[in-house]
Amino acid sequence: MAGTDNSLFPQSELMDFNLPYLSSQLIAYIGNKRRLLKFLYGIFKKIELKQRIQRFIEPFAGSGSVSRLAKVMGYETVSNDWEFYSFVINLCHIGLENYERENLFSDKGGIDNVINYLNSLRRPAEDKRYIARYFAPEDTEGSDYRTERLFYTKENALKIDAVRNCIEDWYPGFNLGKKEFKEKVVLLASLLYQCATHTNTSGVFKAYHRGFGGFGNDALKRIMSPIRLEIPLLYESRRKNRVYRMDAGAFLMRVSGDLCYIDPPYNQHQYGSNYHLLNTIALWDRQEFPLTLGDDGRLSNKAGIRRDWKKTKSLYCYRDTAVNEFVKLIDSIDARFIVLSYSTEGIVPFETILDIMGNNGSVKVLSSDYTKYRGGKQSIRRENHNIELAVLTDREEKSQGDRQAVRRMLLEKEFLMLLKRSFYPSLIKNTFITEGDSIVLDKGNGECSRLKMPFLYMFNTDNSSLRGFNMASLNDLLIIEIVDKLKKCLCTDRSEEIDILIGIVSESSSKEERLYYEKRILRLLKKFTFKKYKNQFNIKLKRLKILAEEDPEKWKTIKNGIPDLERIAMLRFAS
Ligand SMILES: C[S@@+](CC[C@H](N)C(=O)[O-])C[C@H]1O[C@@H](n2cnc3c(N)ncnc32)[C@H](O)[C@@H]1O
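Residues numbered from 1 in each chain as written. Predicted model: local features only at pLDDT ≥ 70, side-chain atom pairs only at ≥ 80, totals over all residues. Heavy atoms only, no water.

**Overview of the site of the ligand**
Taken together, 23 residues are adjacent to the ligand, and Tyr 29, Ser 63, Ser 65, Asp 81 and Asp 263 come closest. Side-chain polar atom of Tyr 29 to an oxygen atom of the ligand: 2.6 Å apart, as the coordinates give it. At a separation of 2.6 Å, an oxygen atom of the ligand approaches a polar side-chain atom of Asp 81. In the complex, the protein chains occlude 99% of the 600 Å² of accessible area that the ligand would expose alone. Along the lines of polarity and charge, the residues of the shell around the ligand split into 11 nonpolar, 6 polar and 6 charged. (Near = heavy atom within 4 Å. Polar contact = N/O pair within 3.5 Å; in protein donor to acceptor, adjacent residues only side chain to side chain. Areas by Shrake-Rupley, 256 points an atom, 1.4 Å probe, with all protein chains shown as cover. Nonpolar A, V, L, I, M, F, W, Y, C, P; charged D, E, K, R; others polar.)

Structure (structure tokens):
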């Protein structure tokens, strides 16, 4: 039924993925596929070898990254998402053509004029403040996260209020003439992008950081820098692209195409609650979210989530409803080709996906290495090595019953992903046969294969570990055994890992090698720059400082990196 295909797609060289339209003004979004565009491009091109794609349909468009790709590839793009903010953003970037910019805002002196004007607006009067009142502190410097919502700096909140009020004054409601509606959409999309970017969160709006200081340089700049609207990036495709806001199932009942790309939510996180503030700003219905305090003296409704977020409570997010929804969804697709994005962390088991897709035609599984965006800060224990897969179904081709090949491919993928992790050298030594800095794999037929593993800690990420290593010569059982053994040797404790790395740097006589491992120590130590790890941070820092003092030449990178780490730690500990 299923076949695998991992071939690289040389055609991707023809596409400029740095094109601002494909790479900029995309909101940070859980599950967004902006980093997978090259991979998806390759798949779409492969499909084109079989049939010309006229119409591309996307029922779960989200930030619109993949619809943008489809538009650039010249497909008539029909995109849908039931969240209002996504609808607005995609109406602008997908629904509008670049040439239309010329005709918009003619009575206001053109788009540049309008954007400049909005950027120059002064803070609104007290009774016109909404975001500043409910979602930002009285004073950015002296904010208190227990009694105020800190989604934006006060200054940015006032800017949002001023701009959003002005947009509403110019274009009241959404029952507007065609031109006015487009103009409103352009301005809202521009504002939404800024609101999704300069927010005092790690991306989602279920919580905000406890203060406006205390984060890495990049985050701090993003959060604090003043909001300034930009002219939205549009693209000239000369196609009749359309954008809808419906339930995906209803959308698919209505719209057919040649290629349907599906990227439903894959875990329990609901978009309506995670991005509630974007809906609040887009809708501007100014619901009240009083800053009422509970008995503990803290806000009782911490994030000010709209009650109506439940209207878009997605059944794809629950284990007991997702499969059923999925079967219905696939059934209702009227397109020869279906491409589905699947994450190995998804709640629907991959085998089930293969069964459902396999009932509809031939199935190919394609994979790409990808570290996904995760809202919220990373735990010092949590690893982030999921595999992003795409399943391609051709309804006009018979299934080939090749499930075994898919299993093999996933197994190899899991093995290759493991090779990127770090391990306890002592466990590796006890678990595998080792020879110097290699592990020796006994193939069971009298032959051996060697994998290079410097210091028995990590395989070389540049894949030089794999040089001369022939995966195809290992049978499934042997790979399963190696994968199991490797998993048992994984470094799970960052504190212990830093100790291992200190040992490696002390032992190493190569400057280049030390640079690599010292940088890694700094990266790991940065994960401890949170209040709850303060003690561990200080202990490690003290040890590293002593080492750097004793041998400044050897520990040069650490010595140079410590002041920055200390600064971040100080801010975070104080917040
Ligand atoms: C994984 S995200 C899509 C991400 C997108 N590919 C991107 O690159 O930004 C899933 C999207 O599905 C939408 N969604 C969830 N359930 C839906 C439903 N029943 N109908 C329509 N959209 C839905 C969510 O609002 C969210 O934007």
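**Comments concerning the state of the cysteines**
According to the stated counting rule, one finds 0 disulfides in the structure shown. Considering cysteine sulfurs only, Cys 489 is the nearest to Cys 448, which forms no disulfide, with 18 Å between them. In this structure Cys 448 comes out as partly exposed when scored by relative accessible area, which is 42%. (Disulfide = S-S within 2.5 Å. Buried < 20%, exposed > 50% of the residue type's maximum accessible area, 1.4 Å probe, protein only.)

**Points about the domain arrangement of the protein chain**
It is common to give the size of an interface as the accessible area lost on bringing the parts into contact. Splitting the protein chain by domain gives domain 1 (2-97 + 242-265 + 315-394), domain 2 (99-224), domain 3 (419-489) and domain 4 (494-574). Domain 1 puts 18 residues into the contact, and the matching count from domain 2 is 16 residues. Both faces combined, the contact of domain 1 with domain 2 buries some 1,300 Å², and carbon together with sulfur accounts for 78% of it. Where domain 1 touches domain 2, the interface holds 0 salt bridges. Of the residues contributing to the side of domain 1 that touches domain 2, the split by class is 11 nonpolar, 5 polar and 2 charged. (Domains from an automatic or database assignment. Contact = heavy atoms within 4.5 Å. Buried area = accessible area lost by both parts, 1.4 Å probe. Salt bridge = Lys/Arg side-chain N within 4 Å of Asp/Glu carboxyl O.)

**Quick word on the environment of Ile 89**
Counting through the fold element by element, Ile 89 comes out in helix α4 (residues 84-95). Residue classification places Ile 89 among the buried residues on the basis of a relative accessible area of 5%. Measuring from C-alpha to C-alpha, the distance between Ile 89 and Leu 392 comes to 27 Å, with 303 residues separating the pair along the chain. Setting aside residues no more than four positions away along its own chain, Ile 89 makes contact with Ile 27, Ser 63, Ala 189 and Leu 192. (Helix = DSSP H or I, 4+ residues; strand = E, 2+ residues; numbered from the N terminus.)

**A word on the pairing of strand β8 (residues 388-394)**
When you tally the buried positions in β8, you get 7 out of 7 residues, the bulk of the element. Neither face of β8 is open: one carries Glu 388, Ala 390, Leu 392 and Asp 394, the other Leu 389, Val 391 and Thr 393, and all of them are buried. Taken together, the 7 bridges between strand β6 (residues 337-343) and β8 define a ladder with antiparallel strand orientation. The residue of β8 that forms the bridge with Phe 337 is Asp 394. (Pairing = 2+ DSSP bridges.)

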